[in-house]
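Fold and geometry: a report
Take a look at the letters that make up each chain.
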Amino acid sequence: MSEKTILRALKGEVLPVPPIWMMRQAGRYLPEYRATRAKAGDFLSLCYNPELAAEVTLQPIRRYGFDAAILFADILLLPQALGADLWFVTGEGPRLSTITDQAGFDALKPAGDVHDVLSPIYETVKILARELPKDTTLIGFAGAPWTVATYMIAGRGTPDQAPAHALKDENRAVFEALIERITEGTIEYLSEQIKAGAEVVKLFDSWAGSLSGEDFDRYALAPTRRIISELKARHPGIPVIAFPREAGAKYVGFAKATGADCVAIDNSADAYWAAAHVQVDGCVQGNLASSHMVTGGDALVRETREIVKAFSKGPHIFNLGHGITPDADPENVQLMIDTVRGA
Ligand SMILES: Cc1c2[nH]c(c1CCC(=O)O)Cc1[nH]c(c(CCC(=O)O)c1C)Cc1[nH]c(c(CCC(=O)O)c1C)Cc1[nH]c(c(C)c1CCC(=O)O)C2
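Residues numbered from 1 in each chain as written. Predicted model: local features only at pLDDT ≥ 70, side-chain atom pairs only at ≥ 80, totals over all residues. Heavy atoms only, no water.

Using the following cut-off: UniProt positions are given in the numbering used here, feature names are shortened, and annotations may be inferred rather than shown by experiment.
If you look the chain up in an unreviewed UniProt entry, it shows as Uroporphyrinogen decarboxylase from Pseudooceanicola spongiae. In UniProt, the chain has this text filed under Catalytic activity (unreviewed entry): "uroporphyrinogen III + 4 H(+) = coproporphyrinogen III + 4 CO2".

Below, the structure is given as structure tokens:
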């Protein structure tokens with residue numbers, strides 16, 4: 001059997017047809033996902049139920065034959081494992097207890113304790129490693145420390161990450177201790193996912209774009225570099241995808257500076273620009289706007305072909321520029337896949 005296409009692309013191979021998967025491919029746009037979530041009761045119960053979490057991970061693989069499956073979980077499970085309260089408000093999003101001072105930080109658990117809460121996630125990975133088709137790559141993931149910190153500090157998603165910036169600027173010692181704790185917890189968490197059978201891991205830094213200058217280097221780039229170097233020391237050869245979303249010009253050189261095997265590009269970056277300035281260093285992933293999964297039609301086909309063409313001279317994994325949204329039409333996903341595969 002030849003090696004899986006995603007792993008070949010991650011090693012730098014230029015394939016005639018780029019392998020494809022989709023961020024949030026297991027999600028509310030799929031009726032079978034909504035049915036399984038209803039069976040679990042709510043989103044967090046689904047994340048912590050290994051059988052049902054494996055089931056929703058497999059659903060988009062069965063329906064579409066994607067080249068990769070991404071573990072079904074959430075980046076906010078790690079804060080919960082570190083001792084934060086976490087709940088989801090329907091129609092609004094996540095809520096967490098907040099960390100705004102030294103006492104809040106001191107109440108957190110040590111990084112080595114995260115497995116108590118996260119062990120069901122490793123169980124999901126084990127089921128998937130057994131049940132996925134032989135040519136499908138299993139991707140594990142975690143949030144990058146800055147993005148996770150923004151939620152732990154504000155207690156929710158924020159448009160401009162103002163509470164996290166405020167703590168960084170007003171109480172740098174606590175802010176840096178928090179980044180450090182999340183970094184260590186993430187290394188523990190991803191290392192166990194890899195032991196359980198994840199073949200690739202991805203770091204989601206969804207709010208990297210709100211860091212500029214030295215702050216970007218200190219709080220987006222440096223923690224990513226540290227996580228990658230520790231994971232590769234413990235698990236030689238493990239490929240890592242980094243996603244410093246909306247990093248703009250800071251995408252350039254990010255793979256080299258962090259040791260990432262692939263950089264995922266959001267759709268605010270032009271694909272031809274990214275091919276010239278980012279793909280020169282290795283594999284890239286991306287970057288179709290997820291709005292095409294809602295609107296479909298000729299624009300979807302045209303833009304998909306354009307992205308495939310832009311990245312055709314180097315290693316490329318086709319993906320969206322951000323997660324698919326609940327209002328997407330499942331038929332548009334099929335149209336994207338058929339267009340990429342030239343069917
Ligand atoms: C910031 C962030 C979170 N989670 C994640 C990020 C980083 C990527 C990004 O920027 O989107 C990452 C994530 N979340 C989820 C996955 C599973 C794997 C996948 O299919 O990509 C992954 C990789 C499931 C999920 N995570 C969530 C859902 C929807 C929950 C539901 O079923 O009601 C899913 C499928 C909930 C979630 N989780 C989070 C938020 C802000 C929300 C609410 C917003 C929303 O409702 O879409 C935190």
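Once the structure has been displayed, the description carries forward.
Details of helix H8 (residues 145-154)
Using the following cut-off: The buried label goes to any residue with under 20% of its type's maximum accessible area, the exposed label to any with over 50%, and the partly exposed label to all in between, with areas taken from a 1.4 Å probe on protein chains only. Strands are runs of DSSP state E lasting at least two residues, helices are runs of H or I lasting at least four, and both sets are numbered from the N terminus onward.
Within H8, 10 of the 10 residues are buried, leaving the element largely enclosed by the surrounding structure. With its phi angle positive at about 80°, Gly155 sits one or two positions after the end of H8.

Brief notes about the UniProt feature "domain: Uroporphyrinogen decarboxylase (URO-D)" (unreviewed entry) in the chain
UniProt records the feature "domain: Uroporphyrinogen decarboxylase (URO-D)" (unreviewed entry) for residues 19-28 and 139-155 in the present numbering. Between the C-alpha atoms that bound residues 19-28 there is a distance of 23 Å. The span itself is 0% helix and 0% strand. A helix fraction of 59% and a strand fraction of 29% characterise residues 139-155, whose end C-alpha atoms lie 27 Å from each other.

Remarks on the packing of H8 against helix H10 (residues 172-196)
Going by this rule: In this analysis an axis means a line fitted to C-alpha atoms, helices contributing only their contacting stretch, and an angle means the value between N-to-C directions, from 0 to 180 degrees. An angle below 35 degrees is read as roughly parallel, one above 145 as roughly antiparallel, one from 65 to 115 as roughly perpendicular, and any other as oblique. In this scheme, a crossing is called left-handed if the near helix is turned counterclockwise away from the far one by less than a right angle; it is called right-handed if the turn is clockwise. The criterion used for residue contact is that any of the two residues' heavy atoms lie within 4.5 Å. For this classification, the nonpolar set comprises Ala, Val, Leu, Ile, Met, Phe, Trp, Tyr, Cys and Pro, the charged set comprises Asp, Glu, Lys and Arg, and every other residue, Gly included, is treated as polar.
Two elements in contact, H8 and H10, have axes whose closest approach is 9 Å; the angle formed by their N-to-C orientations is 120°. Taken together, the axis directions place H8 and H10 in an arrangement best described as oblique. Viewed along their axes, H8 and H10 form a crossing whose handedness is right-handed. Across the interface between the two elements, Pro145, Trp146, Val148, Ala149, Met152 and Ile153 from H8 touch Phe175, Leu178, Ile179, Ile182 and Thr183 from H10. The class makeup of the residues in the contact of H8 with H10 is 10 nonpolar, one polar and no charged.

What about the site of the ligand?
As a reminder, the rule being used: The nearness test applies per residue and asks whether one of its heavy atoms lies within 4 Å of the molecule or strand. N or O atoms within 3.5 Å of each other form a polar contact, as long as, within protein, one can give a hydrogen and the other can take it, and as long as residues adjacent in sequence are counted only when both atoms are side-chain atoms. We get accessible surface area from the Shrake-Rupley algorithm with a probe of 1.4 Å; when it comes to residues, only the shown protein chains can shield them. Cavity: a set of points on a 1 Å grid over the protein atoms alone where a 1.4 Å probe fits but cannot get out. Pocket: an open set with protein on both sides within 12 Å along at least five of seven lines, its lining residues, like those of a cavity, having an atom within 4 Å of a point. What decides whether a molecule sits in a cavity or pocket is whether more than half of its atoms lie within 2 Å of the grid points. As annotated, the domain borders come from an automatic or database domain assignment.
In the region of the ligand, 22 residues are neighbours, and Arg24, Arg28, Tyr33, Arg37 and Ser206 sit closest. Here an oxygen atom of the ligand and a side-chain polar atom of Tyr33 are 2.5 Å apart. For the ligand, an oxygen atom lies 2.5 Å from a polar atom in the side chain of Ser206. In the complex, the protein chains occlude 87% of the 870 Å² of accessible area that the ligand would expose alone. Among the cavities detected, the one that contains the ligand is the largest pocket. Lining the shell around the ligand are residues from two domains, each supplying at least three of them: domain 1 (1-25 + 269-343) and domain 2 (71-264).

As for the pairing of strand E3 (residues 93-96)
Short version of the rule: DSSP-based pairing: two strands are paired if at least 2 bridges between them are found.
Here strand E2 (residues 86-89) pairs with E3 via four bridges, running antiparallel. Note that in E3 the partner of Val89 across the bridge is Gly93. What sits between the antiparallel neighbours E2 and E3 is a turn of three residues, in which Gly91 has the positive phi angle 80°.

Examining helix H9 (residues 162-170)
Put simply, the rule reads: Here the arc refers to the directions that run from the helix axis out to each C-beta atom.
What H9 keeps buried is the set Ala164, His165, Leu167 and Lys168. All buried residues of H9 project into a common sector of 160° when viewed along the axis, lining one side. Those residues of H9 that are exposed and aimed more than 90 degrees away from the buried face are Asp169 and Glu170. In this fold, the buried residues of H9 make contact with H8, H10 and helix H11 (213-234).

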